[in-house]
Amino acid sequence: MKKTMKQILAILLVTVMVFGAVPLNINFRSDNALLGVDANAVSDEEYVEYNNALYKINNGKAILLYHYYEDTSATFTIPSTVNGYPVNEIAEYAFDSGEFLKKVVIPDSVQKIGTAAFRDCRKLSEINIPDSVTEIEDETFSGSALKSIVIPDSVTSIGRNAFWHSGIKNVFISKYVTSIGTGAFSNCSSLEKFEVDSLNPYYSNDEQGVLFNKNKTRLICFAGTGDGLKYNIPE
């Protein structure tokens, strides 16, 4: 995480030096996490600070780069536009380790949610994925408190460790999902069952809700809770 934040800062500083913007005033916590950026020191054409988040304007669209740690709000609503520009992306690690977040509302304008965007948001129990999103990237919701989530038909890929160690209980896989990464639902102690659309050509579930490949020759992820739980692996 520390290395990632340093990389983000390096990109910002390089942009400043290359394009001649005025210097950035950046504050750090003791753990080197980014606390804030002085909006007065950033070019309005490149970066916008709005509602406790930093956005980058790129090719006529806005990217949510970072949600500030000092925001103690339980609910965060991402705007559909910032300064007239549509918000179409949530950057990788944008909300990583957000300790106060319980609910996030994502507008339909968002088309991409970056790697580990909501990783280790341990109180996050409610979020929506817009129909415009086609991929749940690696570690996006790992370590969150999500118990349920609607994965829209637009999603075709679920990344590695996407829901690892989350509170997820039931998972529906649509017929459009073609790829599920390693460990996507691993270490989810509350996971009760998978339900896969019968028309999905790549995945299936058995009567107990365990996730398999289509022909049930490979067990992908076990589901089930309770002491003394028994499961007979099919031959």
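Residues numbered from 1 in each chain as written. Predicted model: local features only at pLDDT ≥ 70, side-chain atom pairs only at ≥ 80, totals over all residues. Heavy atoms only, no water.

(A) Geometry of the packing of aromatic side chains. Following the criterion strictly, the structure yields 8 aromatic pairs and no others. Where Y66 meets Y68, the ring centres are 6.1 Å apart and the plane angle is 45°; that geometry is what we call tilted. According to the relative accessible area criterion, Y66 is buried, its value standing at 3%. Y68 gets classed as buried once you look at its relative accessible area, which sits at 3%. Where F95 meets F118, the ring centres are 4.8 Å apart and the plane angle is 15°; that geometry is what we call stacked. Taken together, the residues span a long stretch of sequence, with F95 in the loop between β8 (85-90) and β9 (103-105) and F118 in the loop between β10 (112-113) and β11 (126-127) at a distance of 23 residues. Assigned by exposure class, F95 and F118 land together as buried. Of the aromatic side chains, those joined through ring pairs into one cluster are F76, F95, F118, F141, F163, F185 and F194. (Phe/Tyr/Trp six-rings, centres within 6.5 Å; stacked < 30°, edge-to-face > 60°. Buried < 20%, exposed > 50% of the residue type's maximum accessible area, 1.4 Å probe, protein only. Helix = DSSP H or I, 4+ residues; strand = E, 2+ residues; numbered from the N terminus.)

(B) The arrangement of the sheet that holds β9 in detail. Taken together, the 3 strands give an open sheet; going across it, the order is β6-β9-β11, and neighbouring strands pair in parallel fashion. Looking at strand neighbours, the two that pair on one side only are β6 (75-77) and β11, the edges of this open sheet. Across 2 bridges, β9 lies against β11 in parallel orientation. Across the sheet, V104 pairs through a bridge with I127, a residue of β11. (Pairing = 2+ DSSP bridges.)

(C) Inspection of the environment of N51 at higher detail. Along the polypeptide, N51 turns up in the loop between β3 (47-50) and β4 (53-58). Placed 25 residues apart in sequence, N51 and F76 show a C-alpha to C-alpha distance of 9.1 Å. N51 has contacts with F76 and T77, leaving out every residue within four places of it along the chain. (Contact = heavy atoms within 4.5 Å.)

(D) Here's a closer look at the side chain of E89. Note on placement: E89 falls in strand β8. Comment: no salt bridge for buried E89; closest opposite-charge side chain is K112, at 4.2 Å. In this view, E89 contacts A62, I63, L64 and K112; residues no more than four positions away in its chain are not counted. (Lys, Arg positive; Asp, Glu negative; His and termini not counted. Salt bridge = Lys/Arg side-chain N within 4 Å of Asp/Glu carboxyl O.)

What is shown is where atoms sit, not what they do.
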